[in-house]
Amino acid sequence: MSDLLPPPSDLTFEFIGTNAFTDGGGGEPHLRYEVLEGRTIIQMDGIRAAGSGAFPPDGVVDAEIELIGEFVLTAANFLL
Ligand SMILES: [Ca+2]
């Protein structure tokens, strides 16, 4: 994974819960999560990464945050 660059402006993430990312469509960056074997993985798509050209959302994960433990997350858990 390459270094992340700051977004060009104050972007708003669309929380899509445990739904899969979809490719194309442009629009706002997407935020999702999944629970896997005692971990909760938060994934983002639509974050500009150095050399990736991966902005706007393209269905490919740009960044992940892994939490230890299994959590049910909602949009209220994030500053979107
Ligand atoms: Ca992406």
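Residues numbered from 1 in each chain as written. Predicted model: local features only at pLDDT ≥ 70, side-chain atom pairs only at ≥ 80, totals over all residues.

### Some words on the overall build of the protein
Alright, step 1. If you tally the helices and strands in the protein, you get 0 helices and 4 strands.
Alright, step 2. N-terminal to C-terminal, the α/β element order of the protein is β-β-β-β.
Alright, step 3. Counting the 80 residues in the protein, one finds 12% classified as buried.
Alright, step 4. Long-range pairs, those at least 24 residues apart, make up 43% of the contacts in the protein between residues at least 6 apart in sequence. (Helix = DSSP H or I, 4+ residues; strand = E, 2+ residues; numbered from the N terminus. Buried ≥ 20, exposed ≤ 12 C-beta atoms within 10 Å, placed from the backbone. Contact = placed C-beta atoms within 7 Å.)

### Considering the pairing of strand β3 (residues 39-45)
Alright, step 1. In terms of strand pairing, strand β2 (residues 30-36) meets β3 through 7 bridges, oriented antiparallel. Opposite L31, over in β3, you have M44 as the bridge partner.
Alright, step 2. Judged from the 6 bridges that link them, β3 and strand β4 (residues 63-68) form a sheet pairing that is antiparallel. By the bridge assignment for β4, M44 is matched with A63. (Pairing = 2+ DSSP bridges.)

### Examining the environment of G46
Alright, step 1. Considering the arrangement of structural elements, one finds G46 in the loop between β3 and β4.
Alright, step 2. Under the C-beta neighbour-count criterion, G46 is labelled buried, with 25 such atoms within 10 Å.
Alright, step 3. Taking the C-alpha atoms as reference, G46 lies 8.7 Å from F13; in sequence the two are 33 residues apart.
Alright, step 4. Every residue in contact with G46, bar those within four places of it in the chain, is listed here: E28, P29, H30, F55, P56, P57 and D62.

### A look at unusual backbone geometry
Alright, step 1. At E37, a residue that is not glycine, the phi angle is positive and equals roughly 50°.
Alright, step 2. Tracing the chain through its elements places E37 in the loop between β2 and β3.
Alright, step 3. You can call E37 exposed: it has 5 C-beta atoms within 10 Å.

### Observations regarding the sheet that holds β3
Alright, step 1. Taken in spatial order, the 4 strands make up an open sheet running β1-β2-β3-β4, and their pairing is mixed. Among the strands making up the open sheet, the edge pair consists of β1 (14-15) and β4.

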